[in-house]
Amino acid sequence: MFASGKICRPRRCLFYIIVFLICQLILVLQFIVYKRNNDITASKFSSQPLHHSNDSGIHFLDWREFISHTPPRSEDYYQYNLHLSDTLGVIRNLPSTRHYGCMTRPFKLPPPLASKVSVVISFHNEARSMLLRTVVSLLRRTPEEYLHELILVDDGSQDVTLLDDLMRWMDGFLAARRDRLGLIFRRNQKRMGLISSRNRGASLASGNYVLFLDSHCEVNEEWLEPLLERLALDPHLAVSPLLDPIDPTTLSYRKGNEMLKGGFDWSLHFHWLKRQLAIKELPEMAYKSPAFAGGVLMMSRDWFLMLGSFNSYLKIWGGESIELAIKLWLCGGQIEIVPCSRIGHIFRRRHAFDFPPQSDQDQQLSPAQETYLHNSKIIAESWLDEYKNMFYALRPVARRIPLDHTYDEMQKLRRERQCHPFEWYLRHVNPELRLHFDELSATGTLRNEDRCLHARQKNSQLILASCYLSDITQWSMLRSSGQLSTQRELCLGVGLRMRITLQPCGRNETTRKSQRWLRLGTHLLHAETHLCLDNPLKDRLEMSTCRSHAVSQSFQFALEMEAQT
Ligand code: UD2
Ligand code: MN
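The rules we used
- Residues numbered from 1 in each chain as written.
- Chains lettered and ligands numbered in written order.
- Predicted model: local features only at pLDDT ≥ 70, side-chain atom pairs only at ≥ 80, totals over all residues.
- Heavy atoms only, no water.
- Donors = N, O, S within 2.8 Å, 3.2 Å for Na, K, Ca; no water.
- Helix = DSSP H or I, 4+ residues; strand = E, 2+ residues; numbered from the N terminus.
- Buried < 20%, exposed > 50% of the residue type's maximum accessible area, 1.4 Å probe, protein only.
- Contact = heavy atoms within 4.5 Å.
- pLDDT = per-residue confidence, 0-100.
- Pairing = 2+ DSSP bridges.
- Axes fitted to C-alpha atoms, helices over the stretch in contact; angles between N-to-C directions.
- Polar contact = N/O pair within 3.5 Å; in protein donor to acceptor, adjacent residues only side chain to side chain.
- Domains from an automatic or database assignment.
- Patch = residues over 30% accessible without salt bridge, like charges linked within 9 Å, V, L, I, M, F, W, Y side chains within 5 Å.
- Areas by Shrake-Rupley, 256 points an atom, 1.4 Å probe, with all protein chains shown as cover.
- Salt bridge = Lys/Arg side-chain N within 4 Å of Asp/Glu carboxyl O.
- Parallel < 35°, antiparallel > 145°, perpendicular 65-115°, else oblique.
- Nonpolar A, V, L, I, M, F, W, Y, C, P; charged D, E, K, R; others polar.
- Disulfide = S-S within 2.5 Å.
- Left-handed = near helix turned anticlockwise from the far one by under 90°.
- Arc of directions from axis to C-beta.
- UniProt positions renumbered as here; feature names shortened; annotations may be inferred.

J.: So what's going on with the coordination of the manganese ion (ligand 2)? Which residues, and what values?
T.: Protein coordination at the manganese ion (ligand 2) comes from Asp 214 (OD), His 216 (NE2) and His 345 (NE2), with a distance range of 2.2 Å. Taken in chain order, the donor set of the manganese ion (ligand 2) reads D-x1-H-x128-H. Here His 345 lies in strand S13 (residues 334-346) and Asp 214 lies in the loop between strand S6 (209-213) and strand S7 (217-219), a separation of 131 residues in the sequence. For the pair formed by Asp 214 and His 345, the shared burial category is buried.

Spelled out as structure tokens, the structure:
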């Protein structure tokens, strides 16, 4: 062909030319669309004059001016990169993190009139740029016909002009949409905490659904549609989107893990649980979860109110979504995580706020610890029935936390709604928690006279310490292997020269052998050496010949499982 000097035959040549021209045209069109999008973003968010006015002549705030009023604070104050947040702008493109299966099918949406969504955001000391990004991502990525109202509760932030400025900014930003979107702004003059503030917001809501959102989130494309599709199927369902982590330092947006569901342990701390796909189950399908994926959740407003909202006795922060999860499941509801719905959230490494001091009674607990324990104790007393003993065994200090109410209200709700006992939840919803219970023969603190066996956090050194230390070691005696393990999965063993050691719990036979204990009454007999754990001189642990009446060899667990059943 080349030898003859011809490149192609005329008809084929024409075909190539046409294909080439079409490709060029597509590229030019793409470029125009891209430019337009950028121009829209720029005109809306960047190149606005510092002040602009609408037809009525009222002056509105530009977003840069709005954020410029952020009070100067150290990075510690917010626990994320404030400077970067300020420079990112109010909206940015986010990577698409959901499974491609989510993008290839349309969602079956309910009629907008019966599916209006009220978004409740409570915030305390949030940076202005961060809060704005949360709000703008919502406004830009939520179908207008479903977004009924935005309820913002400023929970006593130190930045006292924030809410007024935000109102002015939103008035300008929303302009034409203003009459279709409800905006409710409330400020708690005195900080009430996240839980009361969210309840306050929900009590003002008039949509069919309420969505609770943290104030440092970015919703991703088409986040709402998959949630609405699921909620339309069952009025008693509550859903969580899949949370994509945003790094607090780099603010980079990453993909969350869709193979995890929400759960908690017997201390009532939130934990992720691994899940397995059933045959024919696709990773992008909505899946049942024993607890929400944290505190970002959406459900029918009426159903939320019928369940008594978030338990109003819980203070400030913590535990409310676990409590809601338990009462939802027990009283006829269900929880699903919907991986096609993605919302980015900054997972901060530490609390960005102080907790108000609680009762002075216990100097060993920080206000944050005491608040969390207080809330957990309410959950245990309200919902765990006889299993609350498991909670107290692991958190004995909770017994000393005073509560200023009785549980009559919750018992009334349980009776009226004919809620299941907690046992039902263990059996049908959270078998992982039950398994943990069944595997143990005893658990909790391990007391010898008036002291408890404690493994120091920093060097795992074994000592006898006050049983009321806030982080006193909780031991678990495993039924099958006879291992005696800490919560950090370190097991008590006996090494060379009868030294008592703490090492990673062994999974093979040899290590297991040196970590196997038998119980003779309250004595702990080491299976391999036939010696007993002993504390003959004050606070010095050693192995010695078992003596049946020796008090120094008596170690009592806070909770014996056998005695329970
Ligand atoms: C997780 C949940 C959060 C909530 C909390 C336990 C996610 C993504 N977040 O917290 O929704 O369930 O656990 O209660 O799963 N705030 C107030 N008043 C206060 C303290 C905080 O309004 O006194 C606001 C705060 O500004 C934020 C929200 O409450 O918007 C949650 O607080 P956080 O972000 O510090 O808690 P986080 O993400 O560790
Ligand atoms: Mn948060």
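J.: Outline the environment of Leu 181, supporting the account with residue identities and numerical values.
T.: Here Leu 181 lies in the loop between helix H7 (162-174) and strand S5 (182-188). Linking Leu 181 and Cys 217, residues 36 residues apart in sequence, is a C-alpha distance of 20 Å. Not counting the four nearest positions on each side in its chain, Leu 181 is found in contact with Leu 139, Leu 147, His 148, Glu 149 and Leu 174.

J.: An account of the confidence of the model for the chain is requested, with residue identities and associated values reported.
T.: Any residue range with low pLDDT should be treated as having predicted coordinates unsuitable for detailed reading. Overall, the predicted model of the chain reaches an average pLDDT of 88, with 92% of residues at or above 70. Of the regions scoring below 50 in pLDDT, residues 1-6 engages in 2 contacts with residues more than four places distant in sequence or in other chains.

J.: How would you sum up the side chain of Gln 515? Please name residues and give values.
T.: By the element assignment, Gln 515 lies in the loop between helix H17 (509-514) and strand S21 (517-520). Judged by its relative accessible area of 1%, Gln 515 falls in the buried class. When residues no more than four places from it in sequence are discounted, the contact partners of Gln 515 are Gly 482, Gln 483, Leu 484, Cys 491, Leu 492, Gly 493, Gln 503, Pro 504, Cys 505, Gly 506 and His 526.

J.: Can you tell me about the sheet that holds S21, naming the residues and giving the values?
T.: Consider a sheet: its strands pair through backbone hydrogen bonds, and that pairing is either parallel or antiparallel. Strand order in this open sheet of 4 strands is S21-S22-S23-S24, and the pairing throughout is antiparallel. A single partner strand is all that each edge strand has here, and the edge strands are S21 and strand S24 (542-544). Each strand axis lies, on average, 40° off the axis of its neighbour in the sheet, ignoring direction. Sheet analysis places S21 next to strand S22 (residues 523-526), joined by 4 bridges and oriented antiparallel. Counterpart to Leu 520 in the pairing with S22 is His 523.

J.: Lay out the environment of Glu 229 with the relevant residues and their values.
T.: Within the secondary structure, Glu 229 is located in helix H9 (residues 224-231). Relative accessible area serves as the criterion here: at 10%, Glu 229 is assigned to the buried category. On a C-alpha basis, the gap between Glu 229 and Leu 109 in space is 5.4 Å, while along the polypeptide they are 120 residues apart. Here Lys 108 takes part through its backbone nitrogen, which lies 2.8 Å from a polar atom of the side chain of Glu 229.

J.: Account for the domain arrangement of the chain, with residues named and values stated.
T.: In terms of domains, the chain is made up of domain 1 (75-346) and domain 2 (441-560). The C-alpha-based centres of domain 1 and domain 2 are spaced at 44 Å.

J.: Now, about a nonpolar patch on the surface: what can you tell me, with residues and values included?
T.: There is a patch of nonpolar side chains on the surface, built from Leu 14, Ile 18, Ile 22 and Ile 26 and spanning about 370 Å² of accessible area. Judged by its relative accessible area of 52%, Leu 14 is exposed.

J.: Could you give me a rundown of the environment of Ser 480, with the residues and numbers involved?
T.: Its location among the elements puts Ser 480 in the loop between strand S17 (475-478) and strand S18 (484-485). In this structure, the C-alpha to C-alpha distance between Ser 480 and Arg 516, residues 36 residues apart in sequence, is 9.8 Å.

J.: Any chance you could break down the packing of helix H11 (residues 320-330) against helix H12 (residues 367-383) for me, citing the residues and the numbers?
T.: Relative to each other, H11 and H12 sit at 10°, their axes nearing to 10 Å. Here H12 runs roughly parallel to H11, going by the angle between their axes. Along the contact surface, H11 presents Ile 322, Glu 323, Ile 326, Lys 327 and Leu 330, while H12 presents Tyr 372, Ile 379 and Trp 383. For the contact of H11 with H12, the class distribution of residues is 6 nonpolar, no polar and 2 charged.

J.: Go over the state of the cysteines with me, naming the residues and quoting the values.
T.: This structure, assessed with the given rule, holds 5 disulfides. With its sulfur 2.1 Å from that of its partner, Cys 452 forms a disulfide with Cys 467. Looking along the S-S bond of the Cys 452-Cys 467 disulfide, the torsion reads about 95°, which is the right-handed sense. Of this pair, Cys 452 sits in strand S15 (residues 451-455) while Cys 467 sits in the loop between strand S16 (462-466) and S17, and the two are 15 residues apart along the sequence. A relative accessible area of 0% means that Cys 452 is categorised as buried. Given the relative accessible area of 6%, Cys 467 is considered buried. One disulfide bridge connects Cys 491 with Cys 505, the sulfur atoms lying 2.2 Å from each other.

J.: Provide a residue-level description of the packing of helix H6 (residues 128-141) against H7, including the pertinent values.
T.: The relative placement of two packed helices is expressed as an angle between their axes plus a distance between the axes. Here H6 crosses H7 at 35°, and the two axes come no closer than 12 Å. Judged by the sense of rotation from one axis to the other, the crossing of H6 with H7 is right-handed. On H7, the residues that touch Arg 128, Leu 131, Leu 132, Val 135, Val 136 and Leu 139 of H6 are Leu 162, Asp 165, Leu 166, Trp 169, Met 170, Phe 173 and Leu 174. The residue makeup of the contact of H6 with H7, split by class, is 11 nonpolar, no polar and 2 charged.

J.: Which residues make up helix H14 (residues 408-416), and what are the values?
T.: Those residues of H14 not exposed but buried are Met 410, Leu 413 and Arg 414. Down the axis, H14 shows its buried residues gathered within 100° of arc, on one side only. With respect to the buried face of H14, the exposed residues turned more than 90 degrees away are Asp 408, Glu 409, Arg 415 and Glu 416. Taken together, the buried residues of H14 touch helix H10 (301-306), H11, H12 and helix H15 (422-428).

J.: If you had to explain the UniProt feature "domain: Ricin B lectin" (unreviewed entry) in the chain to someone new, which residues and values would you point to?
T.: When the UniProt feature table is mapped onto this chain numbering, "domain: Ricin B lectin" (unreviewed entry) sits at residues 443-555. Taken end to end, residues 443-555 has its terminal C-alpha atoms 12 Å apart, with 5% of it in helix and 42% in strand.

J.: Before we move on, could you go through the pattern of salt bridges and cite the residues and values that matter?
T.: Enumeration according to the criterion identifies 32 salt bridges in this entry. The shortest N-O distance in the salt bridge between Glu 218 and Arg 92 comes to 2.8 Å. Taken together, the residues span a long stretch of sequence, with Glu 218 in strand S7 and Arg 92 in the loop between helix H4 (82-87) and helix H5 (100-103) at a distance of 126 residues. Here Glu 218 and Arg 92 have matching classes, each one buried. For Lys 255, the salt bridge is made with Glu 258, and the minimal N-O distance between the two is 3.5 Å. The buried category is assigned to Glu 258, whose relative accessible area is 10%. It is possible to trace a salt-bridge network through shared partners that takes in Arg 128, Asp 159, Asp 165 and Arg 168.

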